[in-house]
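Read off the chains here:
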Amino acid sequence: MKRVIELTINGSAYDVVISPQDLLIDVLRQKLDLTGTKKGCGQGDCGTCTVLIDGRRALACLTLAIACEGRQILTIEGMEKHGVLHPIQQAFIDKGAIQCGYCTPGMVLSAKALLDEHPAPTEHEIKLGISGNLCRCTGYVKIVEAVRDAAARLQAAADCGKGA
Amino acid sequence: MSLPPFEYLAPGSTAELAGLLAAHRERCRILAGGTDLVNWMAEKIYRPDYVIDLRKLPLAAITYEKGRGLTIGAAATIESLERSPVIREFYYALVQAAGQIGSPQIRAMATIGGNCCNASPCADMPPPLITLEARVALTSARGSREVPLEEFITGNRQTAIAPDEFLECVRVPDPWPHSACRYSPFGLRAAQEIDIASVAVNVALDPATGLFAKARIAMGAVAPFAMRALKAEASLVGNAPSGETIDQAALVCSRECRPIDDLRASASYRRHIVGVLARRMLRDAVAAITS
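**Student:** Can you help me understand the pairing of strand β4 (residues 56–59) of chain A in this one?
**Tutor:** On any regular strand, side chains alternate: one points to one face of the sheet, the next to the other face. All names here are of chain A. Where strand β3 (residues 50–53) lies against β4, 4 bridges are found, and the strand directions are antiparallel. What sits directly across from Leu52, in β4, is Arg57. Here β3 folds back onto β4 in antiparallel fashion, the turn holding 2 residues, of which Asp54 has a positive phi close to 50°.

In structure tokens form, the structure reads like this:
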């Protein structure tokens, strides 16, 4: 039976008509036109559909949209602020960490979850942090460099904020 | 991928949950992390009329009290086990197992209850839990009962849960005195791997004599469900924790397991790996106690 639920995505509330069996990935892409989140394997292996729900990584292809009522969903569209890319996104561009780009939204959100918890991760921690995101272009070296660079940018911004 | 239609229910109390299960029985499936259930519904392995989500219930707590042991709520995520300081201190094998499951995303979603109830032969949590003498609390409108996890999992994806019951929590007694537990899975790559074999050990030494006082060994992915290595356990107790005793027990493990040939590994390779893992884990556990 269809029903109307309210989803909070990137800080905005959306009323959306859904069926209980609708998956978050399909609601984001097809009903809300938030096509930044990609659908890859559709069974929770590739990580390209990664979003953050209440700050934790979640696979939108294995999540029922109806189970997200009352929770904060962050997608790639919510990373930029006022037309300025998030430092993680900018680091991916500057370090050439994007080839075909299909894994990028999920990689960026996994990187955000990692850096929110570990602002200065080791290379091993970065690799673990993105271990649930597959890049079939195999551009991992640049991705790891980008995450390390993003960590430095975020640290610098935080230090700057403290000084002000 | 789309799912067959169902009605979604999110009860606000365990009493309400028990009522829904009593009313709908086999027509419902419980949703916790969803990492298995959603895939199985997509593949039409399950076509429940009702999906009952645990998300509004207070079932995710991890608590430890000396004398009463560890209680892990059914909806505690694998990530929360991996990060729990008390589990790291007293039940290290559970941290080792949790850290090996799926990907960071899967660990943030998947739950201990799901890992036990879905009863995959290669699930990572049951082997160490069985060596730690874990019991599961099963609750229904009829009341509650506790079952050793070892008896709860009865076959490949089969458990002793009744259609009107839910797994409320997993209880693990206090660690044995002078003991250590260790777990190691083995796969063909480091991340997002399905184990070809795994071994958990939990051993205690007699502080007076230095001999093995107690031993439990469980092996995963080499039988329809995590199985105890009873003969290997018996071979340890009363003997000194020497390389010779451990090598002998590891050999017994590789004989006791009942692996199959499949696309991931041959049965004979699995036997070999079980012996290697058992030897390593026993050595690690003994070193942890004596250091």
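**Student:** Quick question: what am I supposed to make of the nonpolar core here?
**Tutor:** For soluble globular proteins, the rule of thumb is that nonpolar side chains tend to be buried together. The biggest cluster of nonpolar side chains holds 74 residues, and the ones touching the most others in it are A:Leu64, B:Leu94, B:Ile112, B:Met125, B:Leu129 and B:Val170. A per-element tally of this core places helix α5 (residues 92–98) of chain B first, with 5 residues. For B:Met125, the contacting residues outside a window of four places in its chain are B:Ile78, B:Leu81, B:Leu94, B:Ala97, B:Ala98, B:Ile101, B:Ile112 and B:Asn115. Within the second largest apolar cluster, 31 residues are counted, among which are B:Ile217, B:Met219, B:Ala232 and B:Val286.

**Student:** Explanation requested: the sheet that holds strand β10 (residues 166–172) of chain B in the structure shown.
**Tutor:** All names here are of chain B. Within the open sheet, the 5 strands sit side by side as β4-β5-β10-β6-β7. Their pairing is antiparallel. This sheet does not close on itself; its edge strands, each paired only once, are β4 (62–65) and β7 (143–148). Ignoring strand direction, the axes of neighbouring strands in this sheet form an average angle of 20°. As paired strands, strand β6 (residues 135–140) and β10 are joined by 5 bridges and run antiparallel to one another. For Ala137, the partnering residue across the bridge sits in β10 and is Cys169.

**Student:** Which parts of the structure should I look at to understand the sheet that holds strand β1 (residues 3–9) of chain A?
**Tutor:** Strands pair in a sheet through their backbones, by hydrogen bonds, and they do so in one of two ways: parallel or antiparallel. All names here are of chain A. If you walk across this open sheet you meet the 5 strands as β2-β1-β5-β3-β4, and the pairing is mixed. Edge positions in the open sheet fall to β2 (12–18) and β4, since each of these has one partner strand only. Strand-to-strand twist in this sheet, taken as the mean axis angle between neighbours without regard to direction, amounts to 40°. With 7 bridges connecting them, β1 and β2 associate as antiparallel partners.

**Student:** Could you clarify how one ought to interpret the domain arrangement of chain A in this entry?
**Tutor:** By a widespread convention, an interface's size corresponds to the accessible area lost as its parts come together. All names here are of chain A. For chain A, the assigned domains are domain 1 (3–78) and domain 2 (87–163). Each of domain 1 and domain 2 has a C-alpha centre, and the two are 22 Å apart. If you look at the interface, domain 1 gives 16 residues, while domain 2 gives 16 residues. Taken over both partners, the interface formed by domain 1 and domain 2 buries close to 1300 Å², and the fraction arising from carbon and sulfur atoms is 57%. Along the contact surface separating domain 1 from domain 2 lie 1 salt bridge. Linking Glu117 and Arg56 is a salt bridge whose minimum nitrogen-to-oxygen distance equals 3.8 Å. Counting across the domain 1 and domain 2 interface gives 5 residue pairs in polar contact (both at pLDDT 80 or more). For the side of domain 1 that touches domain 2, the elements supplying multiple residues, two or more each, are β3 and β4. For the side of domain 1 that touches domain 2, a count of residues per class yields 5 nonpolar, 6 polar and 5 charged.

**Student:** Sorry if this is basic, but what is going on with the packing of aromatic side chains here?
**Tutor:** How two aromatic rings sit relative to each other is given by the distance of their centres and the angle of their planes. All names here are of chain B. Within the structure shown, the criterion is met by 4 aromatic pairs over all chains. Here the aromatic rings of Trp40 and Tyr46 are separated by 5.8 Å at their centres, their planes lie at 65°, and the arrangement is edge-to-face. Classification of Tyr46 by relative accessible area gives partly exposed; the value is 22%. One aromatic cluster in this structure is built from Tyr64, Phe90 and Tyr91. Positioned above the aromatic ring of Tyr46, the side-chain terminus of Arg29 is 3.7 Å from the ring centre.

**Student:** Sorry, what's going on with the interface of chain A and chain B here?
**Tutor:** If you look at the interface, chain A gives 33 residues, while chain B gives 25 residues. Buried area between chain A and chain B, summed over both chains or domains, comes out near 2200 Å², and the portion from carbon and sulfur atoms is 53%. By the criterion of area lost to chain B, the three top residues of chain A are A:Gln21, A:Arg57 and A:Leu62, representing 27% of everything that side buries. Counting across the interface, chain A meets chain B through 3 salt bridges. As a salt-bridge pair, A:Glu117 and B:Arg83 come within 2.5 Å of each other at their nearest N and O atoms. Along the contact surface separating chain A from chain B lie 10 residue pairs in polar contact (both at pLDDT 80 or more).

**Student:** In this structure, what is going on with helix α1 (residues 14–24) of chain B? I would like to understand it.
**Tutor:** Every α-helical turn comprises 3.6 residues, leaving residues that sit three or four positions apart pointing alike. All names here are of chain B. When α1 is considered as a whole, its buried residues turn out to be Leu17, Ala18, Leu20, Leu21 and His24. Summarising the axial view, the buried residues of α1 lie within an arc of 160°, below the 170-degree limit, and thus occupy one face. Residues of α1 that are exposed and angled more than 90 degrees away from the buried face: Ala15 and Ala23. Against β1 (7–9), β2 (28–31), β3 (50–53), β6 and β10 lie the buried residues of α1. Downstream of α1 by one or two residues, Arg25 has phi in the positive range, about 40°.

**Student:** Sorry, what's going on with a nonpolar patch on the surface here?
**Tutor:** Residues and elements named next belong to chain A. Taken together, the side chains of Leu85, Ile93 and Ile98 present a nonpolar region at the surface, about 220 Å² in accessible area. Secondary-structure assignment places Ile93 in helix α2 (residues 87–94). Of the residues examined, Ile93 reaches a relative accessible area of 46% and is grouped as partly exposed.

Cut-offs and rules
Residues numbered from 1 in each chain as written. Chains lettered and ligands numbered in written order. Predicted model: local features only at pLDDT ≥ 70, side-chain atom pairs only at ≥ 80, totals over all residues. Heavy atoms only, no water. Pairing = 2+ DSSP bridges. Helix = DSSP H or I, 4+ residues; strand = E, 2+ residues; numbered from the N terminus. Core = buried A, V, L, I, M, F, W, Y, C linked by side-chain atoms within 4.5 Å. Buried < 20%, exposed > 50% of the residue type's maximum accessible area, 1.4 Å probe, protein only. Contact = heavy atoms within 4.5 Å. Axes fitted to C-alpha atoms, helices over the stretch in contact; angles between N-to-C directions. Domains from an automatic or database assignment. Buried area = accessible area lost by both parts, 1.4 Å probe. Salt bridge = Lys/Arg side-chain N within 4 Å of Asp/Glu carboxyl O. Polar contact = N/O pair within 3.5 Å; in protein donor to acceptor, adjacent residues only side chain to side chain. Nonpolar A, V, L, I, M, F, W, Y, C, P; charged D, E, K, R; others polar. Phe/Tyr/Trp six-rings, centres within 6.5 Å; stacked < 30°, edge-to-face > 60°. Lys NZ or Arg CZ within 6 Å of the ring centre and 35° of its normal. Arc of directions from axis to C-beta. Patch = residues over 30% accessible without salt bridge, like charges linked within 9 Å, V, L, I, M, F, W, Y side chains within 5 Å. Areas by Shrake-Rupley, 256 points an atom, 1.4 Å probe, with all protein chains shown as cover.

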